Amino acid sequence: MIVIKTNTIRETVGMTVDMTMKVLLVAAIFFGAIFFSEDVKAHDAVHVDVDKINKQIEESDDPGPLYLLRAKLCRKHGRPDLGLLDLQQARGMGVDPDAEALERALCLRDRMKSTEALSIMDKLVDRRSKNLMEVLSERSNLRDAVGQIEGAINDLVRVHVVSPDLEKTLRLGDLYERRGADVLAVSVYRQAMESGMES
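Residues numbered from 1 in each chain as written. Predicted model: local features only at pLDDT ≥ 70, side-chain atom pairs only at ≥ 80, totals over all residues. Heavy atoms only, no water.

(A) Local environment of the nonpolar core. By size, the foremost hydrophobic cluster in this structure holds 29 residues, and its most contacted members are Leu 87, Leu 102, Ile 120, Met 121, Leu 124 and Val 135. Among residues more than four places away in sequence, those in contact with Leu 102 are Met 121, Leu 124, Asn 131, Glu 134, Val 135 and Glu 138. Residues Leu 156, Leu 172, Val 188 and Tyr 189 belong to the second largest nonpolar core, which totals 12 residues. (Core = buried A, V, L, I, M, F, W, Y, C linked by side-chain atoms within 4.5 Å. Buried < 20%, exposed > 50% of the residue type's maximum accessible area, 1.4 Å probe, protein only. Contact = heavy atoms within 4.5 Å.)

(B) Fine view of the packing of helix α2 (residues 64-76) against helix α4 (residues 97-110). Running from N to C, α2 and α4 point in directions that differ by 20 degrees, and their axes come no closer than 10 Å. By the angle between their axes, α2 is roughly parallel relative to α4. Here α2 runs over α4; the crossing is left-handed. When α2 is examined against α4, the residues Leu 68, Ala 71, Lys 72 and Arg 75 are found in contact with a partner set consisting of Ala 99, Glu 100, Glu 103, Leu 106, Cys 107, Arg 109 and Asp 110. Here the contact of α2 with α4 is composed, by residue class, of 5 nonpolar, no polar and 6 charged. (Axes fitted to C-alpha atoms, helices over the stretch in contact; angles between N-to-C directions. Helix = DSSP H or I, 4+ residues; strand = E, 2+ residues; numbered from the N terminus. Parallel < 35°, antiparallel > 145°, perpendicular 65-115°, else oblique. Left-handed = near helix turned anticlockwise from the far one by under 90°. Nonpolar A, V, L, I, M, F, W, Y, C, P; charged D, E, K, R; others polar.)

(C) Looking closely at the environment of Lys 72. Structurally, Lys 72 can be placed in helix α2. In this structure Lys 72 comes out as partly exposed when scored by relative accessible area, which is 34%. A C-alpha to C-alpha distance of 9.3 Å links Lys 72 and Arg 104, two positions 32 residues apart in sequence.

(D) Representation of the packing of helix α6 (residues 132-145) against helix α8 (residues 166-179) within the structure. Remark: α6 packs on α8, axes separated minimally by 13 Å, with the N-to-C direction vectors making an angle of 30 degrees. Here α6 lies roughly parallel to α8, going by the angle between them. In this structure, the crossing between α6 and α8 has a hand that is left-handed. Residue-level inspection shows Ser 140, Asn 141 and Asp 144 of α6 in contact with α8, the latter providing Arg 171, Leu 175 and Arg 178. When its residues are assigned to classes, the contact of α6 with α8 shows 1 nonpolar, 2 polar and 3 charged.

(E) Structural view of the environment of Arg 91. By the secondary structure assignment, Arg 91 is in the loop between α3 (80-90) and α4. A residue is classified by how much of its surface remains accessible, and Arg 91, at 43% relative accessible area, is partly exposed. Sequence separation between Arg 91 and Tyr 67 is 24 residues, and the spatial gap between their C-alpha atoms is 9.2 Å.

(F) Region of interest: unusual backbone geometry. In this structure, Met 112 takes a positive phi of about 65 degrees despite not being glycine. One can find Met 112 in the loop between α4 and α5 (114-126). A relative accessible area of 71% places Met 112 in the exposed class. Within the chain, Arg 128 stands out as a residue other than glycine whose phi angle is a positive 50 degrees. By the element assignment, Arg 128 lies in the loop between α5 and α6.

(G) A look at the side chain of Asp 165. As for its position among the elements, Asp 165 is in the loop between α7 (149-162) and α8. According to the relative accessible area criterion, Asp 165 is buried, its value standing at 18%. Within the structure, the side chain of Asp 165 is placed 2.7 Å from the side chain of Lys 168, a separation counted as a polar contact. (Polar contact = N/O pair within 3.5 Å; in protein donor to acceptor, adjacent residues only side chain to side chain.)

(H) Structural detail: the pattern of salt bridges. All chains considered together, the criterion is met by 17 salt bridges. Across the pair Arg 91 and Glu 100 runs a salt bridge whose closest N-O atoms are separated by 3.3 Å. A relative accessible area of 4% places Glu 100 in the buried class. One connected set of salt bridges, linked through shared partners, spans Asp 122, Arg 139, Arg 143 and Asp 155. (Salt bridge = Lys/Arg side-chain N within 4 Å of Asp/Glu carboxyl O.)

Everything listed here is a matter of geometry and, on its own, says nothing about what the molecule does.
Structural data, given as structure tokens:
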């Protein structure tokens, strides 16, 4: 139940930031449980998947997309270094260059090379790559991680306008709060509540 306080400075927005933090905490636990469950399943299956892809690569006349897929699996399994090796193989083999570049940026990010990763993402955004929304979302996450809150907000706003959902809304509200823009944060949360937004 949402408690509306009419005797505070935030009465014009109808909900306190303290309450939004509680909402965020509950949502974070909920989403964290889902993501943890999915990660465990992916971890159990990754070796089998890689073995299958290895065999397909040996037999394929067009292994580029398979190298890209194996790179993603390696990164998600905690081996972005191996992912980068696969991406080198994938280049020039008919793989979508934007998809390859984004995956390379994510591998570099996971190797703690944030500056290089951001440079690749910046170029993808500048040329309005086919996967622009995905790039903006990932760049927002990375900018947040390196302390570029304003840039993280700008990227996420662009994504949120095109495809709003509960997860993005909660993240955007959290970023606004951390920037000290409480009114904007509450406004985002209220819009989500009024629209009945689902994840």
